[in-house]
Amino acid sequence: MKVVNLENNNRRIIKSAENFHVLEYVQDASVSPWNAANEFFMSKMNVRRRQVVIDIDRNHSAVIQAGAMQWMAGNVQATSGVKGIGDLFGKAFKGAVTKETAVKPEYVGDGCLVLEPTYKYIILQDVSKWGPAGMTIEDGMFLACDSRVKRNIVSRKNLSSAVLGGEGLFNMSLQGNGVVALESNVPEEELIEIRLENDELKIDGNMAVCWSSNLEFTVERSTKTLVGSAVSGEGLVNVYRGTGTVLMCPVASTSSLDEATN
């Protein structure tokens, strides 16, 4: 199997991590006369189509979001990844509480797997570099990962405050060896990395993209009293405590890039 013209003057691989690659459309020529101007100015602002390309072989299979596959070449087959009725119910629960698809297909074999294009930015992370506890990601960011990566859900310590703060109660946690591909509204080079050493970080809103799973994650009042919170103009904040890393967006996203470009 040989793929020709995957990269050319208009498309190029901009980043690779193990068997995961990000294909970016530097200039999207597949446009009509009616949206060519929009596409041109979008590309100047780095708002471009991107796709994840995954090499599949006997040492590397991939788990992706349901419906994310665009095409595959070679001896590649899709499996459900479900190992029984108990596993199915467990996956359904995880999907219900993390805004992810309940069952994520696993692709095995020998060949190439290409995912649907997106206008969002693709962040590739080596899960093993986040330590034994792994990493936790914000809801809805998971796109694909190596099948060796274990996917679990973690809850916030004080669930009542999470509800009051309008945040989700659970997040997906990733552990093990392999690469994960995340969809982000902010490019990776713009993310702020904060390394905590027995310290704490407070963020107004869900601006954290991912964080070390060993960090204590809660939602709390911005000050110790309700009166203080009212005076400061801030309400509830996300708090990360302990020793670990947090990747944070510099600004809060107002809308999805996919929604903005439809």
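Computed from a prediction, not measured in an experiment: that's the story for all the values here.

Reading the values: rules and limits
- Residues numbered from 1 in each chain as written.
- Predicted model: local features only at pLDDT ≥ 70, side-chain atom pairs only at ≥ 80, totals over all residues.
- Heavy atoms only, no water.
- Helix = DSSP H or I, 4+ residues; strand = E, 2+ residues; numbered from the N terminus.
- Buried < 20%, exposed > 50% of the residue type's maximum accessible area, 1.4 Å probe, protein only.
- Contact = heavy atoms within 4.5 Å.
- Areas by Shrake-Rupley, 256 points an atom, 1.4 Å probe, with all protein chains shown as cover.
- Pairing = 2+ DSSP bridges.
- Arc of directions from axis to C-beta.
- Salt bridge = Lys/Arg side-chain N within 4 Å of Asp/Glu carboxyl O.

Asker: Please give an account of the overall build of the chain that cites residues and values.
Answerer: A count of helical and extended segments in the chain gives five helices and 16 strands. Of all 262 residues assigned to the chain, the portion counted as buried reaches 44%. Sequence-distant contacts in the chain: of pairs separated by 6 or more residues, those separated by 24 or more amount to 79%. Entry remark: accessible area of the chain is about 13,600 Å², with carbon and sulfur atoms responsible for 52%.

Asker: I'd like to hear about the pairing of strand β7 (residues 121-126), residue by residue, with values.
Answerer: With five of its six residues buried, β7 lies for the most part within the structure. Where β7 meets strand β12 (residues 179-184), six bridges bridge the pair, whose relative direction is antiparallel. Residue pairing in the sheet places isoleucine 122 in a bridge with glutamate 183 of β12.

Asker: Can you explain the pairing of strand β11 (residues 170-175)? Please cite residues and give values.
Answerer: Judged by how many residues are buried, β11 sits mostly within the fold: five of six residues are covered. Sheet topology note: the strand β10 (residues 150-155)/β11 ladder contains six bridges and is antiparallel. Directly across from serine 155, in β11, lies its bridge partner phenylalanine 170.

Asker: Which residues make up the environment of threonine 79, and what are the values?
Answerer: If you trace the backbone, threonine 79 turns up in strand β5 (residues 69-79). Sequence separation of threonine 79 and valine 63 is 16 residues, and the distance between their C-alpha atoms is 9.4 Å.

Asker: Requested: an account of helix α1 (residues 36-44), with residues and values cited.
Answerer: Among the residues making up α1, those that are buried are Glu39, Met42 and Ser43. Along the axis of α1, the buried residues cluster in a sector spanning 95°; they form a single face. Turned more than 90 degrees away from the buried face of α1, the exposed residues are Phe41 and Lys44.

Asker: Can you tell me about unusual backbone geometry, naming the residues and giving the values?
Answerer: Across the chain, the bulk of peptide bonds are trans and the bulk of non-glycine residues have phi less than zero. With a phi close to 70°, asparagine 5 is a non-glycine residue in the positive phi region. Locating asparagine 5 in the fold gives a position in the segment before β1 (11-17). Given the relative accessible area of 46%, asparagine 5 is considered partly exposed. Residues other than glycine seldom take positive phi values, yet asparagine 46 does so here, at roughly 65°. Mapped onto the fold, asparagine 46 is located in the loop between α1 and β3 (50-56). What makes asparagine 46 partly exposed here is its relative accessible area of 23%.

Asker: Describe the pattern of salt bridges, listing the residues and the values that go with them.
Answerer: Evaluated as defined, the whole model comprises 10 salt bridges. Between arginine 241 and glutamate 200 there is a salt bridge, and its shortest N-O distance comes to 2.8 Å. In this pair, arginine 241 is assigned in strand β16 (residues 236-248) and glutamate 200 in strand β13 (residues 192-203), connecting sequence segments 41 residues apart.

Shape is all these values report; function is a separate question.
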